[in-house]
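# Coordinate analysis (summary)
Residues per chain, in single letters:
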Amino acid sequence: KGQSRYFYNQGYDLDFYINCSNDCFKTADGTDLHHKEPFTVLACPPNFKFGDKLWVEGFGIATCHDRGGAIKGSKIDIWAGAGDTGLDNIDQTISRHSNVYKLSTR
């Protein structure tokens, strides 16, 4: 929610370049998303360490690999995939609230 202000609606390539400095597939800890399945990578609040594993109800186990300006308090952001597949996945999850349980620290 609220990310529409970052979408320039002038094509995927331009949006990708502007929002990601041309590298949306690297997380804050250096994880390459090209090799990760959708719904397995999280952006977590700062009180979680990179590598922490969480059970996200309805999705399964996911790992904290990223941070984000809007990720505060009890919010997480789950990576849904890239391109059209990612957009289709997001359409299935918009406004979805799930229980989340911390499983372990690295």
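Coordinates for the structure precede this section.
Now for a description of the structure that goes with this document. Here the structure is a predicted model, which is why all the values come from computation and not from measurement.

The rules we used
Residues numbered from 1 in each chain as written. Predicted model: local features only at pLDDT ≥ 70, side-chain atom pairs only at ≥ 80, totals over all residues. Heavy atoms only, no water. Helix = DSSP H or I, 4+ residues; strand = E, 2+ residues; numbered from the N terminus. Contact = heavy atoms within 4.5 Å. Areas by Shrake-Rupley, 256 points an atom, 1.4 Å probe, with all protein chains shown as cover. Polar contact = N/O pair within 3.5 Å; in protein donor to acceptor, adjacent residues only side chain to side chain. Phe/Tyr/Trp six-rings, centres within 6.5 Å; stacked < 30°, edge-to-face > 60°. Lys NZ or Arg CZ within 6 Å of the ring centre and 35° of its normal. Core = buried A, V, L, I, M, F, W, Y, C linked by side-chain atoms within 4.5 Å. Buried < 20%, exposed > 50% of the residue type's maximum accessible area, 1.4 Å probe, protein only. Salt bridge = Lys/Arg side-chain N within 4 Å of Asp/Glu carboxyl O. Patch = residues over 30% accessible without salt bridge, like charges linked within 9 Å, V, L, I, M, F, W, Y side chains within 5 Å. Arc of directions from axis to C-beta.

So, on to the overall build of the protein chain. When helices and strands are tallied, the protein chain shows two helices and five strands. Of the regular secondary structure in the protein chain, the N- to C-terminal order runs α-β-β-β-β-α-β. A sequence separation of at least 24 residues applies to 51% of the contacts in the protein chain between residues at least 6 apart. Surface exposure of the protein chain reaches about 7400 Å², of which carbon and sulfur atoms provide 50%.

Attention shifts here to the side chain of Thr27. If you trace the backbone, Thr27 turns up in the loop between α1 (12–20) and β1 (41–43). Here the side chain of Thr27 touches Asp29 through a polar contact of 2.6 Å, side chain to side chain. In contact with Thr27, other than residues within four places in its own chain, are Leu33, Val41, His65 and Asp66.

Attention now moves to the packing of aromatic side chains. For the structure on display, the rule yields one aromatic pair. We note Arg67 situated over the ring of Phe50; from NZ or CZ to the ring centre the distance is 4.4 Å.

Right, let's talk about the nonpolar core for a bit. Among the nonpolar cores identified, the biggest contains 10 residues, and these are Phe39, Leu42, Cys44, Phe48, Leu54, Val56, Ala62, Cys64, Ile78 and Ala80. Among the secondary structure elements, those contributing two or more residues to this core are β2 (53–56) and β3 (60–66). Not counting residues up to four positions away in its chain, the partners in contact with Ile78 are Phe39, Val41, Leu42 and Phe59.

With that settled, the discussion passes to the side chain of Asp52. Along the chain, Asp52 falls in the loop between β1 and β2. Engagement of the side chain of Asp52 in a polar contact is seen with the backbone nitrogen of Lys49, the distance being 3.0 Å. Among the polar contacts listed, one links the side chain of Asp52 to the side chain of Lys102, at a separation of 3.4 Å.

Overall, the coordinates contain one salt bridge when judged by the stated rule. Asp52 serves as the salt-bridge partner of Lys102, at 3.4 Å between the closest nitrogen and oxygen. Of the two residues, Lys102 is situated in strand β5 (residues 100–104) and Asp52 in the loop between β1 and β2; the sequence distance between them amounts to 50 residues. According to the relative accessible area criterion, Lys102 is partly exposed, its value standing at 45%.

Below, the discussion takes up a nonpolar patch on the surface. Taken together, the side chains of Trp55, Ile61, Tyr101 and Leu103 present a nonpolar region at the surface, about 410 Å² in accessible area. The residue Tyr101 is located in strand β5 in this model.

Gly86, Asn89 and Thr93 are the residues of helix α2 (residues 83–93) that are buried. In a view along the axis of α2, the buried residues occupy a sector of 65°, so they form one face of it. α2 presents Asp84, Leu87 and Asp91 as exposed residues on the side facing more than 90 degrees away from its buried surface.

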